[in-house]
Every structure is written in structure tokens, then in C-alpha cells.
Amino acid sequence: MGRLNGKIAFVTGGASGLGEAMVRCFAAEGAAVVIADIDETAGGALARQLDGARFIRPDVTQEQQWLAAFATCERVDVLVNNAGITTYGSIEDVSLEMFRHEFEVDVVGVFLGCKHVIPLMKGAGGSIINMSSLCGVRAQAELAAYDAAKAAVTHLTKSIALHCAAQRYGIRCNSIHPGTIDTPIVRKVLAQVENPDQVLAGWIAGHPLARLGRPEEVAAMALYLASDESAFTTGAEFRVDGGASI
């Protein structure tokens, strides 16, 4: 316990799923956590449950809302860019509007968070954690927009890591690549398909450990990257995927 004592962590998409698991983990380890989400009901309720947590509602696609959110922070030691969506469909099925929306949330939102947190971190250093996906390194035919967006996050992370290292900012930037994790967003994807049981069975079969991952297993990786234990780690891909990338 106490691996994040004294740190301020800002977690987007923090009201549910992977974000909620990370928020709870960080708070338990001593961090003051800013829960950023568009779900005011869930985000506010979570903040009230945790000592030292507070809720804020920025739209991650809007630059001015990022600036306003960070203006409320004394500093930020850890930023987790977790807010995201998953658009189901092949290149033939996905519309231009759907493709653009996927990139606005999953890529532009990460870009803005990273860009505007650097001035808050570069005095004392910090850790940026970008949530990519197994799909950021291995594509699936039915996730064309999501594949492309998460691949962009993967390489954007490396570019930021190299820049911050070259500038000697003391800022680390890494990406986490979960396999299929049992979260509300996964259930939303299943709700979009005609044969959810078949799709779910295929996802499970694609993981050598023969199950879906749990949110707290991804949160454990985020905790390592948020803590000083990962001080010599930047620009790296951390796969929490039950062996699916082997």
C-alpha cells in the first residue's frame, strides 16, 4: 500500500470499466484522483466513495475543456488517457462519420491530453499512460476504425516518449494493450452484433488463458506505470492480453 502516496492522478473515462478499476486502485495506493468522464452520475458517485477523489466532466475531444480541466489541478503527476469508444465494423461497414468519431475520441482525445499535461509535468516529471489495445498491434477484420485508432495511439505514445526524453523533462509515456476485458464497453460492442454469443466465444478462444481479462488486472499494470517503480520505463508497450499476442 502507499505506492502512489502524494501523487495526483488524472484518469479519463474514469467512471466505469477499466477507468473505474484504475481510479479505485490508485486511490487505494494513496493518490489523489481526478475522475474525468462524461457520465456525471457514475463519476460523481464514485468520487463520493473515495477519499481524496473528485469528479470533473470534460469532453476529451474539445481542447478548451482539457485546458479548463487542467486549470483546476495544482499539478498532475499521472495522466491516464483511458476515455475511448469501440466502433464495430469492417472497412465496408463503417461509415466516414463513424470512422471520424472513433478518431476524435480515441486519438484526438489522447493527443490533447498529452499535449496539455506536459506543461504541468515537466518541472517535476510524471507518467503518461495511454490506453491502446491488442488491436493496436494486431488487427481484426471487423474492427477497422478501432484498429486504426489504437495503432495511432501506440505510435503517438512512442513519439511523445522520445520528445520528453530528448527535452529531459522527466516525463515517461507508455501504452497499455489489453486483450478483451470484461467491461461495459465490451458488452456494448456485443450489443451491436447479430450473434453476440458466437463473437464472445471467439474472443475467449483467441486468448490462450481461455477467458476474458478482468479490469483489476489492467489496473495493476497501470499502477506499476504510475508508480516510481517504472522510473526507467518509457515508450514501451505493455500487453495484458492473456497471451493473445503470442
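Residues numbered from 1 in each chain as written. Predicted model: local features only at pLDDT ≥ 70, side-chain atom pairs only at ≥ 80, totals over all residues. Heavy atoms only, no water.

For the rest of this paragraph, the subject is the overall build of the protein. When its secondary structure is counted, the protein shows eight helices and seven strands. Its C-alpha atoms give the protein a radius of gyration of 17 Å, near enough to 18 Å, the size a compact globule of 246 residues would have. Oriented by its inertia axes, the alpha-carbon framework of the protein measures out at about 50 × 40 × 35 Å. Of all 246 residues assigned to the protein, the portion counted as buried reaches 52%. By sequence separation, contacts in the protein at least 24 residues apart represent 68% of the contacts at least 6 residues apart. Entry remark: accessible area of the protein is about 11300 Å², with carbon and sulfur atoms responsible for 55%. Taken as two groups, the 20 positive and 27 negative side-chain charges of the protein have centres that lie 7 Å from each other. (Helix = DSSP H or I, 4+ residues; strand = E, 2+ residues; numbered from the N terminus. Rg over C-alpha atoms; globule rule 2.2 N^0.38 Å. Buried < 20%, exposed > 50% of the residue type's maximum accessible area, 1.4 Å probe, protein only. Contact = heavy atoms within 4.5 Å. Areas by Shrake-Rupley, 256 points an atom, 1.4 Å probe, with all protein chains shown as cover. Lys, Arg positive; Asp, Glu negative; His and termini not counted. Charge placed at Lys NZ, Arg CZ, Asp CG, Glu CD.)

In this section: the packing of aromatic side chains. Using the criterion set out here, one finds five aromatic pairs in the structure. Joined through ring pairs, the aromatic side chains of F10, W66 and F70 make up one cluster. (Phe/Tyr/Trp six-rings, centres within 6.5 Å; stacked < 30°, edge-to-face > 60°.)

Listed as buried for helix α2 (residues 40-49) are G43, G44, L46 and A47. All buried residues of α2 lie within an arc of 160 degrees about the axis, which places them on one face of the element. For α2, exposure combined with an orientation more than 90 degrees from the buried face picks out T41, R48 and Q49. Along its buried surface, α2 packs onto α1 (17-28), β2 (32-36) and β3 (54-56). (Arc of directions from axis to C-beta.)

In terms of nonpolar packing, the biggest core is built from 31 residues, with F26, V33, V80 and I176 touching the most fellow members. Elements supplying a minimum of two residues to this core: β1 (8-12), α1, β2, α2, β4 (78-81), β5 (126-131), α8 (215-226) and β7 (237-240). Among the elements that take part in this core, α1 stands out by supplying seven residues, more than any other. Among the nonpolar cores identified, the runner-up in size contains 29 residues, and A69, C73, V76 and C173 belong to it. (Core = buried A, V, L, I, M, F, W, Y, C linked by side-chain atoms within 4.5 Å.)

With that settled, the discussion passes to the pattern of salt bridges. All chains considered together, the criterion is met by 13 salt bridges. In this structure, the salt-bridge partner of R211 is E217, at a minimum N-O distance of 2.8 Å. A residue is classified by how much of its surface remains accessible, and R211, at 31% relative accessible area, is partly exposed. R239 is the salt-bridge partner of E237, the closest N and O atoms lying 3.2 Å from each other. What makes E237 partly exposed here is its relative accessible area of 28%. (Salt bridge = Lys/Arg side-chain N within 4 Å of Asp/Glu carboxyl O.)

Here we come to the sheet that holds β2. Pairing in this open sheet of seven strands is parallel, and the strands run β3-β2-β1-β4-β5-β6-β7 from one edge to the other. In this open sheet, the two strands that pair with only one neighbour each are β3 and β7. Direction aside, the axes of adjacent strands within the sheet are offset by 20 degrees on average. One ladder, built from four bridges, connects strand β6 (residues 171-178) with β7; its direction is parallel. Across the sheet, S175 pairs through a bridge with E237, a residue of β7. Taken strand by strand, helix α5 (residues 144-166) contacts β5, β6 and β7, and its axis lies near 160 degrees from that of β6. Relative to β6, α8 is tilted by about 170 degrees, and along the sheet it contacts β4, β5, β6 and β7. (Pairing = 2+ DSSP bridges. Axes fitted to C-alpha atoms, helices over the stretch in contact; angles between N-to-C directions.)

On to the side chain of K150. In this structure, K150 sits in helix α5. In this structure, K150 is in contact with D106, M131, S132, S133, C135 and G136, ignoring residues within four places of it in sequence.

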